[in-house]
Amino acid sequence: MTERTPLTLYLAAPRGFCAGVDRAIRIVEMAIEKWGAPVYVRHEIVHNRFVVDGLRAKGAVFVEELSECPDDRPVVFSAHGVPKSVPLEAASRQMIAVDATCPLVTKVHNEAARHHENGVQMIYIGHAGHPETVGTMGQLPPGEVLLVETVEDVARLQVRDPAKLAFITQTTLSVDDTAAIAAALKERFPLIHAPAHDDICYATTNRQAAVKAIAPKIDALLVIGAPNSSNSKRLVEVGAAAGCGYSMLIQRAADIDWRALGGARAIGLTAGASAPEVLVNEVLDAFRVRFDVTVEQVETAVEDIEFKVPRILREPA
Ligand code: 2E6
Ligand code: F3S
């Protein structure tokens, strides 16, 4: 038998599910238990095919718009949040609607509403077209929230009154890129109201910090996550920015380009906030088949946050 090449896998921690994802999945499961199948879910509950397929097998039906749901079945809104018009429409149709928006996204919605009530125009740092962006911008009337994606966008902004401005952010952005955009906003609009830090959530922050911690030790980084998962894609970018010449998003073990990893002796592995740990184990097993693997977990933070599900699911049927 030929000897397998030694390889060290640096496993980032924290990685994988955050409290908001865990809660959103529990909400769909509990809704199916409470009301039976089918339960409709507006948009992928979290951006992961394996999670979505698992819930579909239990009786969830995934749609993109509320117009695709019947009035007489419960609907769950995804963890990314929805524009204000969506729960209003559900109420007007007298639907049972359960909101699985992550509480940390709802906090940003509330911040936008509070500023708006005070006559403050909002600037949103985020990615165009992402459901969280659509949901958060959709908390206020059209034109009240201006979108900024890059430092260059800041120079192009046309605001109503530079003295009555505030900014908020998407929760899954790159911490470093966002700091640069926030600095550009503060330079152009010195009176702008800024959130205490930014609105990037603890899970996004911790997962990016863990990648930065392993980056100096590794030849390549693999991030388990979906192509439409913002937080997962940011981990790939953070790895590349921290010096990983090869930083790649994979959905599962079958996506690994073994030839590209050929000469690597130290590989970093992490998972986005919507990627289940079972996929991490699948990737570890795939490496063990090909290499003599030593796993080293690098833990840069301990997470013990848990979010309660909405009251309607905690009450008896
Ligand atoms: C809700 C808000 C933030 O694409 P994104 O990273 O936003 O979403 P997921 O589903 O990949 O991650 C969880 C999540 C949900 N993050
Ligand atoms: Fe919430 Fe952050 Fe997760 S906003 S869903 S805790 S990635």
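The rules behind the values
- Residues numbered from 1 in each chain as written.
- Chains lettered and ligands numbered in written order.
- Predicted model: local features only at pLDDT ≥ 70, side-chain atom pairs only at ≥ 80, totals over all residues.
- Heavy atoms only, no water.
- Helix = DSSP H or I, 4+ residues; strand = E, 2+ residues; numbered from the N terminus.
- Rg over C-alpha atoms; globule rule 2.2 N^0.38 Å.
- Areas by Shrake-Rupley, 256 points an atom, 1.4 Å probe, with all protein chains shown as cover.
- Lys, Arg positive; Asp, Glu negative; His and termini not counted.
- Charge placed at Lys NZ, Arg CZ, Asp CG, Glu CD.
- Phe/Tyr/Trp six-rings, centres within 6.5 Å; stacked < 30°, edge-to-face > 60°.
- Buried < 20%, exposed > 50% of the residue type's maximum accessible area, 1.4 Å probe, protein only.
- 1 Å grid on protein atoms, 1.4 Å probe; cavity = no way out; pocket = protein on both sides within 12 Å on 5 of 7 lines; lining within 4 Å.
- Points joined across faces, edges and corners; volume = space filled by probe spheres on them.
- Nonpolar A, V, L, I, M, F, W, Y, C, P; charged D, E, K, R; others polar.
- Core = buried A, V, L, I, M, F, W, Y, C linked by side-chain atoms within 4.5 Å.
- Domains from an automatic or database assignment.
- Near = heavy atom within 4 Å.
- Polar contact = N/O pair within 3.5 Å; in protein donor to acceptor, adjacent residues only side chain to side chain.
- Contact = heavy atoms within 4.5 Å.
- Buried area = accessible area lost by both parts, 1.4 Å probe.
- Salt bridge = Lys/Arg side-chain N within 4 Å of Asp/Glu carboxyl O.

(A) Highlighting the overall build of the chain. Summing up its helical and strand segments, the chain has 11 helices and 12 strands in all. Over its C-alpha trace the chain gives a radius of gyration of 21 Å, about what one expects of a compact globule, namely 20 Å for 317 residues. Each principal axis of the C-alpha distribution contributes one length, and for the chain these read about 70 × 55 × 30 Å. Of the roughly 14500 Å² of accessible surface on the chain, a fraction of 52% belongs to carbon and sulfur atoms. One way to put it: in the chain the 32 positive side-chain charges average out to a point 2 Å from where the 40 negative ones average out.

(B) Structural context of the packing of aromatic side chains. Enumeration over the complete set of coordinates arrives at 3 aromatic pairs. Aromatic pair Trp258 and Phe287: ring centres 4.8 Å apart, planes at 70 degrees, arrangement edge-to-face. Linking Trp258 in the loop between β10 (246–250) and β11 (266–271) with Phe287 in helix α10 (residues 277–290), this pair joins segments that are 29 residues apart in sequence. Phe287 gets classed as buried once you look at its relative accessible area, which sits at 1%. Residue classification places Trp258 among the partly exposed positions, given a relative accessible area of 22%. Through successive ring pairs, a cluster of aromatic residues spans Trp258, Phe287 and Phe291.

(C) Main features of empty space enclosed by the protein. Within this structure, the stated rule accounts for 1 cavity of 30 Å³ or more. Reported here for the largest cavity is a volume of approximately 310 Å³. Lining the largest cavity are 24 residues, with Cys18, Val21, His80, Thr172 and Asn231 sitting closest to its centre. Listing elements by their share of the lining of the largest cavity, those giving two or more residues are α1 (19–35), α4 (103–117), α8 (202–214) and α9 (230–241). When grouped by side-chain class, the residues that make up the lining of the largest cavity number 12 nonpolar, 11 polar and 1 charged.

(D) Looking closely at the nonpolar core. By size, the foremost hydrophobic cluster in this structure holds 31 residues, and its most contacted members are Val28, Ile45, Leu55 and Val76. Elements supplying a minimum of two residues to this core: α1, β2 (39–42), α2 (49–58), β3 (60–63) and α8. With 8 residues, the top contributor of residues to this core is α1. The residues that make up this core include at least three from each of domain 1 (5–17 + 202–299) and domain 2 (19–101).

(E) Geometry of the site of ligand 1. Lining the immediate surroundings of ligand 1 are 15 residues, of which His47, Ser229, Ser230, Asn231 and Ser274 lie closest. Between ligand 1 and the protein, one listed contact pairs an oxygen atom with a backbone N or O atom of Ser230 at 2.6 Å. Within the side chain of Ser274, a nitrogen or oxygen atom sits 2.7 Å from an oxygen atom of ligand 1. Residue composition of the shell around ligand 1, by class: 4 nonpolar, 10 polar and 1 charged.

(F) Representation of the domain arrangement of the chain in the model. As assigned here, the chain comprises domain 1 (5–17 + 202–299), domain 2 (19–101) and domain 3 (103–188). The interface of domain 1 with domain 3 comprises 10 residues on the first partner and 11 residues on the second. Of the roughly 710 Å² buried where domain 1 meets domain 3, counting both sides, 49% is carbon and sulfur surface. Counting every contact that joins domain 1 to domain 3 gives 1 salt bridge.

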